Amino acid sequence: MSGVEKILEGVLRGTSDQNIAFASLCLLLRRVGFEERVKGSHHIFTCEGVEEIINVQPQGGGKAKPYQVKQVRNLILRYKLGGNIR
């Protein structure tokens, strides 16, 4: 299992949203097909075929904000992303 697959598994499991590294969450979004642009501390992700725009920022300690991990999980499940990790 690759590192990105482990990140995906951790996000989908939903048992430790507060322990997902911000850099790992960004990597996962890029690998499932999102395009990233950065404006200050805001990392804005868009994807063709996905209506929502996801905006994530790091919190202290290099971790992703738990509510943003939940948003990413919901998008991945709603649009059935992650089956084609590149």
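Look above for the structure.
This one's a predicted model, so the numbers in the text were calculated from it and none came from an experiment. (Residues numbered from 1 in each chain as written. Predicted model: local features only at pLDDT ≥ 70, side-chain atom pairs only at ≥ 80, totals over all residues. Heavy atoms only, no water.)

Caption draft 1: Up close: helix α1 (residues 3–13). Of the positions making up α1, those classed as buried are V4, I7, L8, G10 and V11. The buried residues of α1 occupy an angular sector of 160° when the element is viewed end-on, so they sit on one face. Of the surrounding secondary structure, the elements contacted by the buried residues of α1 are α2 (22–31) and α3 (66–78). Within two residues after α1, G14 carries a phi angle of roughly 75°, on the positive side. (Buried < 20%, exposed > 50% of the residue type's maximum accessible area, 1.4 Å probe, protein only. Helix = DSSP H or I, 4+ residues; strand = E, 2+ residues; numbered from the N terminus. Arc of directions from axis to C-beta. Contact = heavy atoms within 4.5 Å.)

Caption draft 2: Seen up close, the pairing of strand β2 (residues 42–46). Strand direction decides the pairing type here: strand β1 (residues 35–39) and β2, joined by five bridges, are antiparallel. Looking across to β2, one finds that E35 is bridged to T46. Remark: two residues form the turn of the hairpin made by β1 and β2, two consecutive strands paired antiparallel; G40 in that turn has positive phi of roughly 70°. Alignment of β2 against strand β3 (residues 54–56), held across three bridges, turns out to be antiparallel. (Pairing = 2+ DSSP bridges.)

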